[in-house]
Amino acid sequence: MNDFTKDPKVQKRRWWTITTIGLYAVMATLDTSIINVALPVISHDLTLSMSKAEWIVSIYLVVICALLLVMGSIGDFVGKVKIYRTGTILFTLGSFLAGFDVNFQLLLIARVIEGVGAAMTMANSMGIISEVFSINERGRALGLFAAFTSIGSIAGPAVGGLILSFLPWGYIFWINVPVGTLAILIGLYSLPNDLTETKIQLDWSGIITMVLSIIFFYITMNLAQQIGFINLPVVSALFATIFLLASLIHFEKNTTTPLIPLSLFSSRSFSVGLISGCINFVIVFFSNIIMPFYLENERGFSAYKAGIILMIFPLVQIVISPLSGILTDKMGPHKLLLSGAFILGLSQIIRAFWGLSVSMVSVALVLVLLGFGNGLFQSPNNTAVMTSINDNKYLGIGGSLYSLARELGMIIGVTLSTTILFNAMSFISKKKVLTYPTGHPAIFMFGFRTSFFIGALLYLLTLCLTVYENLKKEQC
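Residues numbered from 1 in each chain as written. Predicted model: local features only at pLDDT ≥ 70, side-chain atom pairs only at ≥ 80, totals over all residues. Heavy atoms only, no water.

1. Quick notes on the overall build of the protein
Threshold: Comment: elements are numbered from the N terminus, with helices defined as DSSP H or I runs of at least four residues and strands as E runs of at least two. Taken over C-alpha atoms, the radius of gyration is set against a globule rule of 2.2 Å times the number of residues to the power 0.38. Residue burial is assigned from relative accessible area. The probe radius is 1.4 Å, only protein chains are included, and a residue is buried under 20% of its type maximum, exposed over 50%, and partly exposed in between. Counted as positive: Lys and Arg. Counted as negative: Asp and Glu. His and the chain ends are not counted at all. In plain terms, the charge of a residue is placed at NZ if it is Lys, CZ if Arg, CG if Asp and CD if Glu.
The secondary structure content of the protein amounts to 18 helices and zero strands. For 476 residues, the compact-globule estimate of 2.2 N^0.38 gives 23 Å, and the protein sits close to it at 21 Å. Counting only C-alpha atoms and orienting by the principal axes, one finds that the protein spans roughly 70 × 55 × 45 Å. Per-residue burial over the protein gives 56% buried out of 476 residues. Looking at the protein, you have 28 positive and 21 negative side-chain charges, and the mean spots of the two groups are 6 Å apart.

2. Some words on the packing of helix α10 (residues 204-227) against helix α11 (residues 232-253)
Packed helix pairs are specified by the crossing angle of their axes together with the interaxial distance, meaning the distance between the axes. Worth spelling out the cut-off: Only C-alpha atoms enter the line fits that serve as axes; for helices the fit covers just the stretch in contact. Angles between N-to-C directions range over 0 to 180 degrees. Throughout this description, any angle smaller than 35 degrees is read as roughly parallel, any larger than 145 degrees as roughly antiparallel, any in the 65 to 115 degree range as roughly perpendicular, and the remainder as oblique. A clockwise turn of the near helix away from the far one marks a right-handed crossing, whereas an anticlockwise turn of less than a right angle marks a left-handed crossing. Note on residue classes: Ala, Val, Leu, Ile, Met, Phe, Trp, Tyr, Cys and Pro are nonpolar, Asp, Glu, Lys and Arg are charged, and everything else, Gly too, is polar.
It is the contact of α10 with α11, at a shortest axis distance of 8 Å, that shows an interaxial angle of 160°. Of the possible angle classes, the one that applies to α10 and α11 is roughly antiparallel. Of the two possible hands of crossing, α10 and α11 adopt the one that is left-handed. Here the contact of α10 with α11 is built from residues that sort into 17 nonpolar, seven polar and one charged.

3. A few points about the packing of aromatic side chains
Rule in force here: Paired rings are identified among Phe, Tyr and Trp, the last through its six-membered ring, by centres lying within 6.5 Å, and are further divided according to the angle between planes into stacked (under 30 degrees), edge-to-face (over 60) and tilted (the rest). Think of it as a cone above the ring: NZ of Lys or CZ of Arg counts as a charge over the ring if it is within 6 Å of the ring centre and within 35 degrees of the ring normal.
Applying the stated rule across the entire model yields 15 aromatic pairs. Here Tyr-294 and Phe-448 contribute two aromatic rings whose centre-to-centre distance is 5.1 Å and whose plane-to-plane angle is 35°, an arrangement assigned as tilted. One end of the pair, Tyr-294, is in helix α12 (residues 268-298); the other, Phe-448, is in helix α18 (residues 441-475), and 154 residues separate them in sequence. Sitting over the ring of Tyr-60, Arg-111 keeps its end group 4.3 Å from the ring centre.

4. As for the environment of Val-112
The line we're drawing: Two residues qualify as a contact provided that any one of their heavy atoms is within 4.5 Å of a heavy atom in the partner residue.
Structurally, Val-112 is set in helix α5 (residues 104-132). Judged by its relative accessible area of 30%, Val-112 falls in the partly exposed class. Separated by 73 residues in sequence, Val-112 and Leu-185 have C-alpha atoms that sit 24 Å apart. For Val-112, the residues in contact, after removing those within four places along its chain, are Ile-59 and Val-63.

5. Brief notes about the pattern of salt bridges
Spelled out, the test is: Salt bridge criterion: a side-chain nitrogen from Lys or Arg within 4 Å of a carboxyl oxygen from Asp or Glu.
Summed over the entire model, instances satisfying the criterion amount to four salt bridges. For Glu-137, the salt bridge is made with Arg-14, and the minimal N-O distance between the two is 2.9 Å. Here Arg-14 lies in helix α2 (residues 14-45) and Glu-137 lies in the loop between α5 and α6 (138-154), a separation of 123 residues in the sequence. The pair Glu-137 / Arg-14 is uniform in exposure class, with both members buried. Of the charged contacts in the structure, one is a salt bridge between Arg-111 and Glu-114, with a shortest N-O distance of 3.0 Å. Taken together, the residues span about one helical turn, with Arg-111 and Glu-114 both in helix α5 at a distance of three residues. Looking at Arg-111, the relative accessible area reads 0%, which means it is buried.

6. Regarding unusual backbone geometry
If a residue is not glycine, its phi is most likely negative; likewise, a peptide bond is most likely trans. The phi angle at Lys-430 is positive, at roughly 60°, despite the residue not being glycine. Owing to a relative accessible area of 76%, Lys-430 belongs among the exposed residues under this scheme.

7. Quick word on the environment of Lys-432
By the element assignment, Lys-432 lies in the loop between α17 (395-429) and α18. Owing to a relative accessible area of 59%, Lys-432 belongs among the exposed residues under this scheme. Sequence separation of Lys-432 and Val-211 is 221 residues, and the distance between their C-alpha atoms is 35 Å. Those residues in contact with Lys-432 that lie beyond four places of it in its chain are Asn-423 and Ser-426.

Below, the structure is given as structure tokens:
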């Protein structure tokens, strides 16, 4: 048989397949954010400056973003499962090496190995799910996958805080080893053999240009976070990024084996889904970055207690995402997308009006809204993107493009949230502010409210895109 949806053996094990993929989705995305809370401890133990310590985060993100499309494209040709299996082994090995408190060089090498493995798994996860599950169950399966990926992305600071409260920093990596080994063993049983394997001629022009564009994009965001967007080095890096992306489009139009099949973007559902998914993760990271400042500095909670409070968000989402996936199979994605975007926007608007004495009940309710809205939004958006791909041979690259949009959303979210927060505080205090203004809660709250007001405007853009796509669907 050449169709997973008609293979009884594959169908019998399909929920084990999603479990395997989900475990690695949690770990790979968790490693994107969990490391931030451990940087002060790692930099102290390894005697690193903060600028050096930031490379522990940066190198993982850059490797993932640079290789996602490459691994998705290779997976479409040589086999998604083969690339995925290799990625799980590399990621687990990298996590094992990263936990040793030896030196900075070993830690960076380990993070590169982790990043390569994470890129291989992320790039092919949604493609494998879309091949294994029929169109009638795809929403439910992608809803579960959305829950796994979002939990990993969002729960990093909370989980990191809990681990560091009781164990050395190496355990934030070593926690992946038993879970990863278990996932590898389950995968031996649950993951099917690849449908096709073909020899390919790699699009080296596209690969090199893509990798360089990602590197310059990261440089742009990193510099902007430190010195602001209106600055010659930042503007120069931004123009270099735009030039490289334009060159990439030119190369992809003029090759027979493109890294990115541009025909995918002829589908409105695919393009709108990528943009909306990216914006969604930008705003989710507004909350991920700014709320710990609020809870720990403004309200005086310990990192442990703040972590417990912030866990409300992913815990609600883990319940809602699978339910949203089931509803997507029954009623389609568009009404759920509208509802999710509206609730997420509402959670931003409420925080834009918070004062200094808002109750903790209100804080908890907003986090519930955030988890509920994100759960409603992510599952149908995943489904809308993957079902818009008409040719199964592009499922791998389509899934990797969505994963790339998610990762870029996280990077933009970190940069944009801190830029808005500190610029707003600088404006109101009439001097440059680059850290929490101890003893001046009104200044912080002005920056806090400004950040979430802009977040609400971005969700309005997502809502408009979703309404536009829904209207176009109805006209067709």
